[in-house]
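So the chains spell out like this:
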Amino acid sequence: MSEPALPRPVLETDIVCVGFGPAAGGFLTTLARRQTDPSRPPLESRAAPGLPLQVLCYERADDIGFGVSGAVTRARAIRASFPDLDPAEIPMAAAVRREKLVYLLDPIGASRRPPALRLADRVIRAFRFALPFEHDALEIPWLPPFLEKKDGLVLSIAQFNQWVGQQLLMTGMVQIWPGTPVADIVVEDGAVVGVRLLDQGVDRLGKPTAAYQPGMEVRAALTVAADGPVGAVGRKLDQAFGTPEGFDNREWAIGMKFVVELPGRAQLETGTVIHTIGYPEPEIFGFLYVHPERVASVGIFVPSWFANPARTAYRYLQHYIQHPYLWRHLEGGRLRSWGAKSIRESGRRGEPWLVGNGYARIGEGSASTNVLTNSGIDEAWATGVMLAEAVIELLEQDKPFTRENLKAAYVARRRASWVEEEARIAEKARDGFRRGFLTGLLGVALAGLTRGRLRVPGRPHRPMASLEDYFRDRIPTGEMARIREECARQGRALHDALMERAGWPPVAFDGRLLVSHQDALLVGGKVQAPPGVADHVVFLYPYLCETCGTRLCVEICSGEAIRPRPEGAPGFEREKCVHCGACVWNCPQENVVLEAGAGGLHSAEN
Amino acid sequence: MSLSFHIVVCAGIVPDPLQTLEPIIGDSGPALKNELLLPAVLDPWAAHALYEAARLAREHSGSKVWLISLSPRAKLQQVMMTVAQKAPFELVALDGPAGGFTDSAEVAGALAAAIEAIPGLDRSRLLLFGGWESAARGAGTTLAIVGERLGIVDQFQGVDEVRLEPDGALRILERVEGGRHQISRCAGPPAVMGWATGSLAEPPNQPQLGMANMRSILPALQRARPVALSSGDLRFLRVELPRQQRQTRIVRDVPAEEIARELVDWIRG
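Notes on the structure in this doc start here. Because the structure is a prediction, the values reported are computed rather than measured. (Residues numbered from 1 in each chain as written. Chains lettered and ligands numbered in written order. Predicted model: local features only at pLDDT ≥ 70, side-chain atom pairs only at ≥ 80, totals over all residues.)

**What about the overall build of chain A?**
A count of helices and strands for chain A gives 18 helices and 27 strands. For chain A, the C-alpha radius of gyration of 24 Å lies close to 25 Å, the compact-globule estimate for 606 residues. A principal-axis box enclosing the C-alpha atoms of chain A has dimensions of 75 × 55 × 45 Å. Residues counted as buried form 55% of the 606 residues belonging to chain A. A separation threshold of at least 6 residues defines the contact pool for chain A, and within that pool the share at least 24 residues apart is 75%. (Helix = DSSP H or I, 4+ residues; strand = E, 2+ residues; numbered from the N terminus. Rg over C-alpha atoms; globule rule 2.2 N^0.38 Å. Buried ≥ 20, exposed ≤ 12 C-beta atoms within 10 Å, placed from the backbone. Contact = placed C-beta atoms within 7 Å.)

What follows is the structure in C-alpha cells.
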C-alpha cells in the first residue's frame, strides 16, 4: 500500500525513551538528578548544541497516570532513589505492616483440585480445631522469606507513576508525552537510530484517509525500550536483531484486579498484604493489599501453564473475591476501579538482547520481573537506574552508544546487581508446575529456601489441553459440542457456560462490587479508543483462526473486546480493549500481534 | 478584508470526567472525594474554545493564541503535555487552586490582571474565549466577569460558530432554546465568546506541535505567579452530582430503530 506523498516529520533529539512506567521512572529520575545537580554542569545536547541533554519519553496511554499493575513492592531501588520517601506523599501508598500467606480451600466444590490436594483439604478440615483455620482457609503461620515484602510499600502504580512524572516534568530536564504511541524502530546500518510514532488519520486497517498524518520520526543517539511486556518496540527489536540462544519467552500470566472501597465493618489494617494460594483453581494465585482510607486492591494471576483453555480472569476473579475468607471483608464494598495486565514470567530465560548499537532495554520487557519473589516494579525501577548511570558514564566519557559500550556500562551493572542475583535464584523455581500444582509449590519452596541450589527439574510450559480433554470428567463430548454451537450462535465466549456447567455458581450481580464484565469497563476510568488510528490487535492469518479449536484469545480477553465470529478471525472491538496483551501470548498459533495502539483504560487507581 | 486577532483562551483544568466523581463536604468545604488521585484534563468546554481559536488563527494570518489558566502548577504541566499537542498557543500560567469551589469573581480578577499584563497584547484585536459551561464546579460566570474587568461589552455565550464577514464584522451563532441558534453580528473585536461545543472534532495529537509549544510552555510554568484565593464570605450549602441511572445490556445485530424504540420505552418508564 502506498502512502500519500506527505513528508514524514523528523525530529532530532539525544535520547528517546519508549513507555513511561517504573523502569522509565527510574531511568529518567536518575538522569534528571544528574542534570539538576548544582555541583556539576548539565550534560550537553549533541542534537541541539548549547542546550542541556534533550530527553523525550513517549507514553502510549492517554495520561502518565493510567498504569495498571499490582502492587506491593519491597521498594529497595525506589527508596534508594528517594531516601526520604514518605508514603503519605503518594496517594494510595502505605508502608507494608503485616503479611500473610493463606491457603484457600474450595468452599463450593467446583475447583479442579488434584487428588493429593483434595486429600490435603480433607485433612485440614478434619484437624481444623488444631489449626489456624477459619472461613475455609488455612493461615500458614510462616511466610517464606523470599515472599516477604517487609519494609516495602503497597502502591497504586498509576498514582506512583503520576507522582514520579510530576516531579520529573517540574525539573524541565525531560519531556514525557502521553497519548503518543511509538509504532516502530528506525534501523540504519545495523543500528537503531530512533523511533517512528504512530501514523494518524488512517482507517482501522491502517489505510490512510484524507486526514492522514504520518507519524513523526524521532532520531536519537539512544533509544530506550521501556514499553513493558507486550510493547511494540520490544517486539520490533526482537524481529530486527533476533534473540539470544536459548531464549524462551513462553511463561506468562494475566494479572487482573479490582480496587475496592471497603465496607465500614471491614477490619483490615492499612498496609496489610495477603497472598493466597489454592482457589479458585490451584494454579491461580491471589492477593489482597490494603491502601489507606479503606481501599483495597484484590486480584488474581492466571498463569500460562494453567491448562484450562476457557480460562477467564474476570469470572475467576469474581469467584475469588467471594471466597468466605475474603468476602467477610469485601461484601458490601464498592468497585472503584478495575484493570488487567500481562506479566512476563519467563525470568532470565526470556531475557532478550539488553543492548545493541543505539538501543537498550529496561524493565519488564527486559525480563526483569522476578517470578519467585513475585516482584517486578522494584526490579524494573532498578534496571532504569542502572541504565541511567551507564548513560551518564558514557556521556561524561564522550563515548558513543555502541553495543560494546552499553554492554560494558549497562549490562555489566545488571549482571553485578541484586536484580540479576535474585533472577538467577528464581530462574528455575517454577519448573515443577509442569508436573502439577503441589510439585510446583515444592519447587518454588526449594528454590527459594536454598537460593536456587535445589529445584524440581522440568520446564513449566505445559501444552494447552483441548476443551474436550480439560472438561472430560465434567462435560460429555456431545454436550460440549452443543455448548460450543450455542455460544457461537450467540456470539459469546464459552467460559461462562462451561464454568457453570462445571459447577461454578452463577455470579449474583449486586451492582456495586459484583458487576457484569461490560459494566466493569465503565467503572473508574472507562476505556477510550480514539479515532484515526489502526486497530492494534491484528490477526495475521484469518484462516489459522478458522482452524483453531479453542479460540483462547476470545476466552482470555480481559475486556471482552475479542468476540467469536462464524468465519475468519475473531472480531475485535477496540472500544473495549484495555491493552493487556493477553491475546498475544494465549494464541497457540502465535497468530495475534499487538501493535502500538492509542487509548485504553483511563484508570487512575490501578 | 484582512484582519488578524489576538485570542486569549481562559481554560481551567478539571478532574477527568471519565473518572468516578463523588462530591463531599470536607473540613474545608466542598470537594471531590479523592480529588488528589484523579487525573486532570483541560475543561472540555474550554478545550473546544481552544480548538476554535486555533482554527480562527489559522484562517487569519497574523493572529495569535494565548491560553491562560489558573491551576496547580504540577497538574497543569501534566495536562499541558497532552494539550500542547493539539493546537499552537502560548501559555500564561497562574499557580493556584482549580477546585471550582472558589469565588468566580476572585478568579476572574486574577485572570484579568494576568491578561492585561500579557506583553504585546493588542486589546483592539482581542477575542476573549472560554467555555460557556464548565466541567468544574465553577459558577459558570468567570468568563463574563473577566470580560467585564477588561471592559469588553460585547459578550456572547453558548457560541457554536464565529465567522468573519467580508466587512470585518463577526457573525456569531449562539445557542438558544429548541436547538436553534441566535445569529448576531458584532462589528469586531474586542469581544467575549463563551463557547458551547462548536463543530470541531478534537484534533489528533501532533507531537511536533507539542515540541514547538513546549518552548514557551516550560518557561511560562516556571514563572507562574502564585495566586492565593481567599474563600471570603462564600458558602456552599449543598453539593451533589446530577442523578443518573445506568443499565447496560449487550445486543448484537439489532436494528437501530428497535434500539431507539427500547430506549424511548425505558425513558418513559
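**A short note on the packing of helix α1 (residues 22-35) of chain A against helix α8 (residues 377-396) of chain A**
Residue and element names in this part refer to chain A. Look at α1 against α8: their axes get within 6 Å of each other, and the N-to-C directions meet at 35 degrees. Read as a crossing pair, α1 and α8 show a hand that is right-handed. Note on element contacts: α8 touches α1 through I377, A380, W381, A382, T383, G384, V385, L387, A388, E389, V391 and I392, opposite P22, A23, A24, G25, G26, F27, T30, L31 and R34. When its residues are assigned to classes, the contact of α1 with α8 shows 14 nonpolar, 5 polar and 2 charged. (Axes fitted to C-alpha atoms, helices over the stretch in contact; angles between N-to-C directions. Left-handed = near helix turned anticlockwise from the far one by under 90°. Nonpolar A, V, L, I, M, F, W, Y, C, P; charged D, E, K, R; others polar.)

**Concerning the interface of chain B and chain A**
Contact residues are listed per partner, giving 25 residues for chain B and 37 residues for chain A. Breaking the side of chain B that touches chain A down by element, the ones donating at least two residues are α2 (73-83) and α5 (207-222) of chain B. Per-class residue counts for the side of chain B that touches chain A are 13 nonpolar, 10 polar and 2 charged.

**Side note on unusual backbone geometry**
In this chain, A:Y279 is followed by A:P280 through a cis amide linkage whose omega measures 10 degrees. With an omega of 0 degrees, the peptide bond running from B:P189 to B:P190 counts as cis. On the secondary structure map, B:P190 appears in the loop between β11 (180-186) and β12 (191-195). Even without being glycine, A:D189 reaches a positive phi, approximately 50 degrees. Since 7 C-beta atoms lie within 10 Å of it, A:D189 is described here as exposed. With a phi close to 65 degrees, A:A367 is a non-glycine residue in the positive phi region.

**Focus on the sheet that holds strand β6 (residues 64-71) of chain B**
All names here are of chain B. Spatial strand order, β11-β10-β9-β12-β8-β1-β6-β7-β13: 9 strands in an open sheet with mixed pairing. Two strands in the sheet have a free side with no partner beyond their single neighbour: β11 and β13 (225-226). Bridging between β6 and strand β7 (residues 90-95) involves 6 bridges; their strand directions are parallel. Across the sheet, S71 pairs through a bridge with D95, a residue of β7. In the packing of α2 onto the sheet, the strands contacted are β6 and β7, and the crossing angle to β7 comes to about 155 degrees. Together, β1 (6-10), β6 and β7 form the strand contacts of helix α3 (residues 104-116), whose direction differs from that of β6 by roughly 145 degrees. (Pairing = 2+ DSSP bridges.)

**Here we look at the nonpolar core**
Membership of the largest hydrophobic core comes to 250 residues, with the highest contact counts inside it found for A:C17, A:F27, A:C57, A:V224, B:V9 and B:L50. The element best represented in this core is α8(A), accounting for 12 residues. Among all residues touching A:F27, those that are not within four sequence positions of it are A:C17, A:V224, A:A226, A:I362, A:G384, A:L387 and A:A388. (Core = buried A, V, L, I, M, F, W, Y, C linked by C-beta atoms within 7 Å.)

**Notes on α2(B)**
Within α2(B), 8 of the 11 residues are buried, which leaves it mostly tucked inside the rest of the structure. Considered for burial, the residues of α2(B) that qualify are B:L76, B:Q77, B:Q78, B:V79, B:M80, B:M81, B:T82 and B:V83.

**Re the sheet that holds strand β18 (residues 295-303) of chain A**
Strand pairing within a sheet occurs via backbone hydrogen bonds; the two strands may be parallel or antiparallel. Residue and element names in this part refer to chain A. Judged by pairing direction, the sheet is mixed, and its 8 strands sit side by side in the order β6-β7-β5-β16-β17-β18-β15-β19 without closing on themselves. The sheet is open, and its two edges are formed by β6 (133-134) and β19 (334-344), each paired on a single side. When strand β5 (residues 98-104) meets strand β16 (residues 272-277), the two strands line up parallel, connected through 6 bridges. Residue pairing in the sheet places Y103 in a bridge with I277 of β16. Lying over the sheet, helix α6 (residues 313-321) contacts β15 (252-261), β17 (285-291), β18 and β19, oriented at roughly 130 degrees with respect to β18.

**Things to note about helix α6 (residues 256-268) of chain B**
With 13 residues, α6(B) extends 18 Å from end C-alpha to end C-alpha; this agrees with the ideal 18 Å at 1.5 Å per step. Positioned one or two residues after α6(B), B:G269 has a phi angle of 75 degrees, which is positive. (Expected span 1.5 Å × (residues − 1).)

**Digging into the pairing of strand β4 (residues 29-32) of chain B**
Residues and elements named next belong to chain B. Sheet analysis places strand β3 (residues 23-26) next to β4, joined by 4 bridges and oriented antiparallel. Across the sheet, G26 pairs through a bridge with G29, a residue of β4. Between the antiparallel neighbours β3 and β4 lie 2 residues.

**A word on the packing of α3(B) against helix α4 (residues 142-149) of chain B**
Residue and element names in this part refer to chain B. Across the interface, α3 lies against α4 with an axial gap of 8 Å and an inter-helix angle of 50 degrees. Regarding the angle of α3 to α4, the classification is oblique. Judged by the sense of rotation from one axis to the other, the crossing of α3 with α4 is right-handed. Every residue of α4 that contacts α3 at S104, A105, V107, A108, G109, L111 and A112 is listed here: T142, I145, V146 and R149. Here the contact of α3 with α4 is built from residues that sort into 7 nonpolar, 3 polar and 1 charged. (Parallel < 35°, antiparallel > 145°, perpendicular 65-115°, else oblique.)

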